[in-house]
Amino acid sequence: MIDTAKQDQQPETEHAHAELVAPSELSPGRRAFETVVRSREASILAVLLLIIAVATIKSPNFLFSANSWRDLLLTPSVLLLLAAGQCVVIITRNVDLSVGSVLGLTAYLTGRLFIDTGLPIVAVILVGVLAGAVLGLVNGLLVGFGKVPALVITLGTLYIYRGIVLSWAGSNRINPSDMPDAFGNLGTKTILTIPVLFILAMLVVVVVGYYLYTARGGRELYAIGSDPDAAVLYGLNVRRRVIAAFVLSGALAGLAGVVFAARYGSVSSSAGSGIELQAVAAVVVGGVAIFGGSGTVWGAAIGAILLVTINRVLPILGIPDFWQQALVGALILSAIALDRLLSLRRERQLIEARDS
Amino acid sequence: MTENPTRPASLELRGVVKSFGAVQALRSGSLRVEPGSIHALVGENGAGKSTLVKVVAGVYRRDGGEFLLDGSSVDFSSTAESKAAGVAVIYQEPTLFPDLSVTENIFMGRQILGSGRRINRSAMYAEAASLFAGLGVHIDPRRQALGLSIADQQIIEIAKAISLDARVLIMDEPTAALSGVEVERLFTVARRLRDEGRALVFISHRFDEVFELCDTVTVMRDGSYVDTLRVADTDVDKLVALMVGREVGDLFPKTPATVGGPVLEVRNLGSTGVFHDVSFDVRAGEIVSLAGLVGAGRSEIARAVFGVDGYDTGSVHLLGKAVPPRNPRAAIRAGMAFIPEDRRKQGLVIDASVSRNVAGVIRGRLSRFGVLTQRAENEASAPWASRLEVKTNALDMNATTMSGGNQQKVVIAKWLATEPRLLVIDEPTRGIDVGTKAEVHRLLSELAGQGMAILMISSELPEVLGMADRILVVSEGRLTADIDRDDATPENVMLAATRTREVRA
């Protein structure tokens, strides 16, 4: 008797909620299309294409000379690798500031291996990646067990790792002639006009992106960044995942060091200093929330290409040095402000809808 | 729903004990919940309900007593274990991952995998949709959890519990933040789960809900089991009597004070979604208590009055002058002092010395040419600390090493140094031992005697009844009663605190 009365009230109950939580009735294809078009990644890509278009109109050589086309893709390769690793770390609500020093260390290591040992190229690359992974593991263990914010830990290891390169290399530098020609050629080699190093970097981005989207482990990284306390309540192994994220970031920074050596040929003890901030900037501009939990490695990759490209385009447009830096800064700030604004507005709307 | 004595209860607790240091939060917790039943658990704030729930959920480990699930003894050391055993707890404020879709929230950590151990999203969406359909609710499985109402977040938690096939569902004050229709929806879902043979525990302060939804009710008081009754055989008066069940003695000596003119005048104060249409006065020499249940909006009102939080409508006047909103500095200058609930977090620079803490709020007055010397700080704070008998060997001692009672006195000393006309104090004796409690009460009473207006927020009914000249009862963000000291009884305060929105009556 009572239960039938409840049943009668049901439609009214549902109606009251229809506005807030009604399932969208788009077809799957249409929904996928809308999601892509409305995503942050799409808007950054649009900005990137716009900048390339403007530069090309101003100076057609920017896109259409063979060298420029190659540089457009080749220059971001190092940053792409760093941004992919950084993105994974930031998604877990951490940050890895040591990647610049890891890059410097492994780039110098790469040169030394060619000079001091007869290791084949493939082995050298593997050693570089492995060395980066070990340095990343140190970061991860310190963050996982130290109960100190990653910002502080990796700021410390930034100086420590750089100190190691400085005392090891001193005023020595690696020169292109120290390394095998086949290795140096990697830096300029292209397949169908696309540089090999860019293909490598994009492969990494695709693999990381695929893992983040389709693996349980990848989704757990998002969950940890979204609410670390809830992640513990869900029974997720937060520490193991965070350590793994740092290992990945270190390994990719190691790979970036090898790529750096191949691309530029000469490596000094200061190689890659300051690039960690570019990596963080690329990730943030790419729509990854600095407090973790959202964003994609695709966005971070586009962000990396955008930052590098802007730095090359602004001189073409005749914009003075100082303003170039300021413009990049403005880009970062507006990306963060946009994030905050959108989430605040949404929250406010929903609270008001509930309250009335 | 007929009880079968040979069948084991879904959940049974007998004489469960749990202590935190010297504080015994649960003396003897007992509860027996049958399958296919909705069991209410009621009691005052601090009666031990939440502790009991956390023992069942595996958040705490019991110190003693028996804990049986379906007749077999269990001992959980983590929430993961209790989940695996079929216990699900839905908290008042669910913990979801705001950035992820509701489907991911339901399946996090045990996603449906397709070929190559890749997550099969479409299978998960379909499963979530069928869960929601089974619950009779409309939530887009693809939408983000961010921005969901509390009601919908609870539905997500319930969907999660069902997908885990939980046999015991505990809902800890699930309706506190819900509107009328949302409560009805939750009840429909709860009845559906009951009819499937699951056991539900429902914690609520709203008696009308207990009578509408539940078949059995267990009353707790002071960390102990009091009684279990069939809902059909009892009424509100009987439950209130069981919940309160103790005499308010002379534990709290309130010395009479001459009441002067109004010091604080609050008019039509409102903040969207938090509290509405709050108007009251506090006069000189008067202790006014904001009473009510946890989460009713008492602290929020106090924070808005002091200017820590903003408000949308209304005004605050101190001694006839308007106090600007969202400006604690102006409130201090106007003569207000605010001692927040969590003093470790909000009221005390915990790693600083006593004298620095006391002098902190009057730094501006103490500094000479912008330089603040330790000597000046010590000189200014010494009289206050000695007056409050803060037992620290030296004023240089760090606040972090002191007992809760002494910390509280340091916080009070800190604010008295500003010579306030109005003292707002939130939970003045929380976490303080009995002896020091009386000292804090004596101090408050003395301050009122000197003509200070005091607005006190307390969850402890005896403290409210013992200390306050006037009791303002807050329920769901609204003032529901204004009771004079002489007319106040535990029953009428409790009834006003559990009074629900008129709309739902």
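The following refers to the structure shown.

About the criteria used
Residues numbered from 1 in each chain as written. Chains lettered and ligands numbered in written order. Predicted model: local features only at pLDDT ≥ 70, side-chain atom pairs only at ≥ 80, totals over all residues. Heavy atoms only, no water. Pairing = 2+ DSSP bridges. Helix = DSSP H or I, 4+ residues; strand = E, 2+ residues; numbered from the N terminus. Axes fitted to C-alpha atoms, helices over the stretch in contact; angles between N-to-C directions. Contact = heavy atoms within 4.5 Å. Buried < 20%, exposed > 50% of the residue type's maximum accessible area, 1.4 Å probe, protein only. Core = buried A, V, L, I, M, F, W, Y, C linked by side-chain atoms within 4.5 Å. Expected span 1.5 Å × (residues − 1). Parallel < 35°, antiparallel > 145°, perpendicular 65-115°, else oblique. Left-handed = near helix turned anticlockwise from the far one by under 90°.

1. A short note on the sheet that holds strand β20 (residues 478–484) of chain B
Residue and element names in this part refer to chain B.
(1) Moving on: Read from one edge to the other, the open sheet built from six strands follows the order β16-β17-β18-β13-β19-β20, with strand pairing classed as mixed. What marks the edges here is a single partner per strand, and that holds for β16 (336–339) and β20. Taking each pair of neighbouring strands and ignoring which way they run, the sheet shows an average axis angle of 15°.
(2) Moving on: Sheet analysis places strand β17 (residues 422–426) next to strand β18 (residues 453–457), joined by five bridges and oriented parallel. For Leu423, the partnering residue across the bridge sits in β18 and is Ile454.
(3) Moving on: Strand contacts of helix α9 (residues 298–306): β13 (287–292), β16, β17, β18 and β19 (470–475), with the helix running at about 145° to β16, the strand carrying the most contacts.
(4) Moving on: Taken strand by strand, helix α18 (residues 490–497) contacts β13, β19 and β20, and its axis lies near 30° from that of β19.

2. Side note on the pairing of strand β7 (residues 168–172) of chain B
Residue and element names in this part refer to chain B.
(1) Moving on: For β7, the tally of buried residues reaches five of five residues, placing the bulk of the element in the interior.
(2) Moving on: Judged from the five bridges that link them, β7 and strand β8 (residues 199–203) form a sheet pairing that is parallel. Pairing of Val168 across the sheet is with Ala199, part of β8.

3. Focus on the nonpolar core
(1) Moving on: Ranked by internal contacts, the top residues of the largest apolar core, which has 152 residues, are Leu82 of chain A together with Phe97, Phe132 and Ile158 of chain B.
(2) Moving on: Looking at which element gives the most residues to this core, the answer is helix α14 (residues 238–264) of chain A, with 13 residues.
(3) Moving on: Residues Val288, Leu290, Met452 and Met467 of chain B belong to the second largest nonpolar core, which totals 49 residues.

4. Considering helix α8 (residues 121–146) of chain A
All names here are of chain A.
(1) Moving on: Its 26 residues give α8 an end-to-end C-alpha distance of 37 Å, which sits within 8% of 38 Å, the value for a rise of 1.5 Å per residue.
(2) Moving on: Of all the positions in α8, only Val124, Gly128, Gly132, Ala133, Leu135, Gly136, Asn139, Gly140, Val143 and Gly144 are classed as buried.
(3) Moving on: Within two residues after α8, Lys147 carries a phi angle of roughly 55°, on the positive side.

5. A short note on unusual backbone geometry
Residues and elements named next belong to chain B.
(1) Moving on: With a phi angle near 55°, Asp165 is a residue other than glycine that sits in the positive phi range.
(2) Moving on: Within the secondary structure, Asp165 sits in the loop between α5 (150–163) and β7.
(3) Moving on: For Glu173, which is not a glycine, the phi torsion comes out positive at approximately 45°.
(4) Moving on: Inspection of the secondary structure assignment puts Glu173 in the loop between β7 and α6 (180–195).

6. So, the packing of helix α6 (residues 77–91) of chain A against helix α15 (residues 275–285) of chain A
Residues and elements named next belong to chain A.
(1) Moving on: Interhelical geometry of α6 versus α15 gives an angle of 65° and a closest axis separation of 8 Å. The orientation of α6 with respect to α15, classified from their angle, is roughly perpendicular. Of the two possible hands of crossing, α6 and α15 adopt the one that is right-handed. Mapping the contact onto sequence places Val78, Leu79, Leu82, Ala83, Gln86, Cys87 and Ile90 in α6 and Ile275, Glu276, Gln278, Ala279, Val280, Ala282 and Val283 in α15.

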